[in-house]
Amino acid sequence: PALAAPFRRSAAAGDGADSSRRVALQVVGAAREALVEHNAAVDIQRVWRGCATRARIQAEVVRLADQSAVKVQAAFRGAQHRQQRWSEDVAGAAGQPPDALAEGRPAVA
């Protein structure tokens, strides 16, 4: 309202301020439209970047989980293999089949 007051007074004087006011309103309207379009573009970019970032993070989590699972599986299989080899070595030293020791049967002398 304070900005509109000079236009009202000038319009009453009849010095063509009416056309100046019209031009000013057109400029403000065009600027407002450009600002709305700009803000909409910024919002779209923000949403897209957030979506893309979440997708990249999810892909990295899956990759790390897969690597971790591979390491756990390798450790388990290695321990299993070492245990099997140990059983075979002990059984061979005792002259027993490996299954006899695994079942807890006494060694045959």
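Above: the structure in question.
Residues numbered from 1 in each chain as written. Predicted model: local features only at pLDDT ≥ 70, side-chain atom pairs only at ≥ 80, totals over all residues. Heavy atoms only, no water.

Caption draft 1: Main features of the overall build of the chain. Within the chain, the regular secondary structure consists of three helices and zero strands. When the elements of the chain are put in sequence order from the N terminus, they spell out α-α-α. A burial count over the chain gives 6% of its 109 residues as buried. Entry remark: accessible area of the chain is about 9,200 Å², with carbon and sulfur atoms responsible for 61%. (Helix = DSSP H or I, 4+ residues; strand = E, 2+ residues; numbered from the N terminus. Buried < 20%, exposed > 50% of the residue type's maximum accessible area, 1.4 Å probe, protein only. Areas by Shrake-Rupley, 256 points an atom, 1.4 Å probe, with all protein chains shown as cover.)

Caption draft 2: Here's a closer look at the pattern of salt bridges. Taken as a whole and judged by the stated rule, the model has three salt bridges. A salt bridge links Arg22 to Asp18; the nearest nitrogen and oxygen atoms lie 3.8 Å apart. Placement of the pair is Arg22 and Asp18 together in helix α2 (residues 17-94), with a separation of four residues, close to one helical turn. Owing to a relative accessible area of 48%, Arg22 belongs among the partly exposed residues under this scheme. Take Asp18: its relative accessible area is 45%, and that puts it in the partly exposed class. Across the pair Asp43 and Arg46 runs a salt bridge, and its minimum N-O distance is 3.0 Å. A residue pair is termed a helical-turn pair when its members lie 3 or 4 positions apart in one helix, as Asp43 and Arg46 do in helix α2 at three residues. Judged by its relative accessible area of 53%, Arg46 falls in the exposed class. (Salt bridge = Lys/Arg side-chain N within 4 Å of Asp/Glu carboxyl O.)

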